[in-house]
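# Examining the three-dimensional arrangement
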Amino acid sequence: MCGIFGCILKNGNAAPVIHAALKRLEYRGYDSVGEATISNGKLFIKKDQGKIDDVHKARNLDDLPGSIGIGHTRWATHGAPLEINAHPHVDCHGQIAVIHNGIIENYADLKQELENRGHVFKSKTDTEVIAHLIERALEAFPPPSLADAVLETVKKLDGSYSIAVISTKEPDKIICARHESPLVIGVNENAIYFASDIPAFLPLTNKAVIVDDGEIVTLSLKGFEIRKIADSSMVSREPKLIDWAPEMAVKQGYPYFMLKEIHEQPACLRNTLRLQEHYLDLMATFLDRAREVYLVACGTSYHACLASSYMFSKLAFLATYPVIASEFVEQHGKSVNIDSTILAVSQSGETADTLASVNVARQRAATVLGLTNTIGSTLTRVSRVYIGQQSGPEIGVAATKTFTSQLSVMSQLALRLAKKRGKVSQDEMDYLAEKLNKLPETVETILRTQEEKAKQIAKKYKDAKVFFFLGRGISTATAYEGRLKLMEIAYVPAIAFPAGESKHGPISLVEPGFPVVFICPKDDTHKTLIGNIMEMKARGASIIAVVEEGDEEIKNLAEDFFEVPKGVPEVLSPVPFITPLQLLAYYMAIEKGFNPDTPRNLAKSVTVK
Ligand code: M6R
């Protein structure tokens, strides 16, 4: 996730306006920044790695000349956060500048083709191919307009994008296009703007036009012209008046980042389905070769590891050891060796306990693999291979979208490994791949249908002194994560156990009215889980069940229930089953009057041991 912004002004210089707008978009990404403007038929660019304020201090982003320009604040996906990879990217002649938010899936093939034709690339990004493709399109005779060259280019792109292009060939225009990444236009009598999000231009205008997927827009001081990418047909759309307060705007109308991030999950899951196959394959190869595999992480990332250990075992028949990072050195520090592989999972890539485990593993010559949301983090630097999960910045302290994305990546790894090891039939592979591709839609349905229920259940149980979370099999991880969410933001003491273990002690806590959340996918554990529900009911517990749609048997046993769509395979079930529990935790915090984004005593990234 990156932030893009640009403007054409009737009067004055664009650069300071772009700079100020990028500051308002900084929450979308902040590892590098860049601007490009055009003045007197020349393209001017400033860009560098680092936060906007630091880059501005060193390079003065405001002194670029010209009244037209584009700017980008980056959250690295392809290529480390270095100056060379910062946007804008240009063509071979430095006449076309492009900024991009999204992921171009087929960039490697396109790049190869362009290189074969003599194009010279400077960066490691997927974005740079766009500038070169436009350059090529403009070489046709008779030369097309810049808008038509961009149109021809975007038709070649697979993946997600919102892009903006300026060129010295048509120095009074900005061409934007969108597919699955956000793009909005802002208008007033003195200027025209585009941005990833409305907050970027809200202090400048409250008149906004939302660009839809599959549309291309030409901006000039005359206004905007929208066309459909598929058939070039014109689209007419009137600006809407936006009445958001500035602090609402930065959260896109959501009251808290956590809720915004819960709702971003379908988009983030889609991003995980666009990962470069090469890295997944490479990682699967390392996992396959290892004598033993440790999955090492803290907090929510550890729960992703726990769930993954079931995926690896069930799909690829690979035993893995999920280990809480702060225990890794004590528990395995002496036994880890050259034949061991450590897959460290960390949203931030900076968690001290996780990095300490990685250090010990490296000292003992083990192979270190990483899964993180932060390209350029320490974890990416110390891993032999790493995967960037591409969830965009997560600002709420409670991990939500990064958890479900981690699960999606790990399930893809497990599937690849299963294929490599010949452990699943092609039919089963196809079936699981289809279900994986459907996860974003499944989560969309849950968000649409279960949020009201989460509010009601939170109201009903807001004074509960303690909660139980129980699940069997892979749902044990979902239970642990549901419990962590509730504890960390709503400050409700909560206990999670594998449901089968609850009768070995924890059940003594239960008395009438005690809320027990059961995670109940329709998998092999379903029947036994019903027995565990009965045990709790017999002691007067109030059952809150997360069930598959139409699971009347458990619905009849529960006081309250959430329903998730049918037919999600067991190994993927933590993604849909955690979603209502994230909402429950969020609304419990709201009911109790707490700010869910900044829970007391916690930090987003824990860099001390
Ligand atoms: O950045 P990491 O994934 O390494 O962070 C690990 C934990 O600190 C983190 O998951 C923490 O537990 C969150 N507050 C959970 O919501």
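This one's a predicted model, so the numbers in the text were calculated from it and none came from an experiment.

Lining the immediate environment of the ligand, one finds 14 residues, of which Ser 301, Ser 346, Ser 348, Thr 351 and Glu 488 sit closest. Coverage of the ligand by the protein chains reaches 91% of its 410 Å² of free accessible surface. For the shell around the ligand, the secondary-structure elements that each account for two or more residues are helix H10 (299-316) and helix H16 (475-490). Here the residues of the shell around the ligand sort into 5 nonpolar, 7 polar and 2 charged. No fewer than three residues from each of domain 2 (254-437) and domain 3 (447-601) sit in the shell around the ligand.

What follows concerns the domain arrangement of the chain. The assigned domain composition of the chain is domain 1 (3-250), domain 2 (254-437) and domain 3 (447-601). Taking only C-alpha atoms, the centre of domain 2 and the centre of domain 3 are 25 Å apart. In this assembly, 33 residues from domain 2 lie in contact with 31 residues from domain 3. Of the roughly 2700 Å² buried at the junction of domain 2 and domain 3 (both faces included), carbon and sulfur atoms supply 72%. When the buried surface of domain 2 facing domain 3 is broken down by residue, Tyr 256, Met 258 and His 303 rank first, second and third, together holding 21% of it. The tally of links between domain 2 and domain 3 comes to 1 salt bridge. Residues Glu 570 and Lys 314 are paired through a salt bridge, measuring 2.9 Å at the closest nitrogen-oxygen approach. Counting across the domain 2 and domain 3 interface gives 12 residue pairs in polar contact (both at pLDDT 80 or more). Broken down by secondary-structure element, the contributors of at least two residues to the side of domain 2 that touches domain 3 are helix H7 (257-263), helix H8 (265-272), H10, helix H14 (401-420) and helix H15 (426-461). It is H10 that contributes the most residues to the side of domain 2 that touches domain 3, 9 residues altogether. A per-class count over the side of domain 2 that touches domain 3 returns 22 nonpolar, 9 polar and 2 charged.

Summed over the entire model, instances satisfying the criterion amount to 0 disulfides. Cys 176 takes part in no disulfide bond, and the closest cysteine sulfur, belonging to Cys 7, lies 11 Å away. Judged by relative accessible area, which is 1%, Cys 176 ranks as buried. Free of any disulfide, Cys 305 has its nearest cysteine sulfur in Cys 298, 9.5 Å distant.

Burial runs high along strand S7 (residues 159-167): 9 of the 9 residues are buried. Burial along S7 is two-sided: Gly 159, Tyr 161, Ile 163, Val 165 and Ser 167 and Ser 160, Ser 162, Ala 164 and Ile 166, pointing in opposite directions, are all buried. Examined bridge by bridge, strand S6 (residues 96-104) and S7 share 9 bridges and lie antiparallel to one another. Directly across from Ile 104, in S7, lies its bridge partner Gly 159. Bridge count between S7 and strand S8 (residues 174-179): 4 bridges; the pairing is antiparallel. Bridge pairing in S8 links Ala 164 to Cys 176. The antiparallel pairing of S7 with S8 creates a hairpin that spans 6 residues between the two strands.

What counts as what
- Residues numbered from 1 in each chain as written.
- Predicted model: local features only at pLDDT ≥ 70, side-chain atom pairs only at ≥ 80, totals over all residues.
- Heavy atoms only, no water.
- Near = heavy atom within 4 Å.
- Areas by Shrake-Rupley, 256 points an atom, 1.4 Å probe, with all protein chains shown as cover.
- Helix = DSSP H or I, 4+ residues; strand = E, 2+ residues; numbered from the N terminus.
- Nonpolar A, V, L, I, M, F, W, Y, C, P; charged D, E, K, R; others polar.
- Domains from an automatic or database assignment.
- Contact = heavy atoms within 4.5 Å.
- Buried area = accessible area lost by both parts, 1.4 Å probe.
- Salt bridge = Lys/Arg side-chain N within 4 Å of Asp/Glu carboxyl O.
- Polar contact = N/O pair within 3.5 Å; in protein donor to acceptor, adjacent residues only side chain to side chain.
- Disulfide = S-S within 2.5 Å.
- Buried < 20%, exposed > 50% of the residue type's maximum accessible area, 1.4 Å probe, protein only.
- Pairing = 2+ DSSP bridges.

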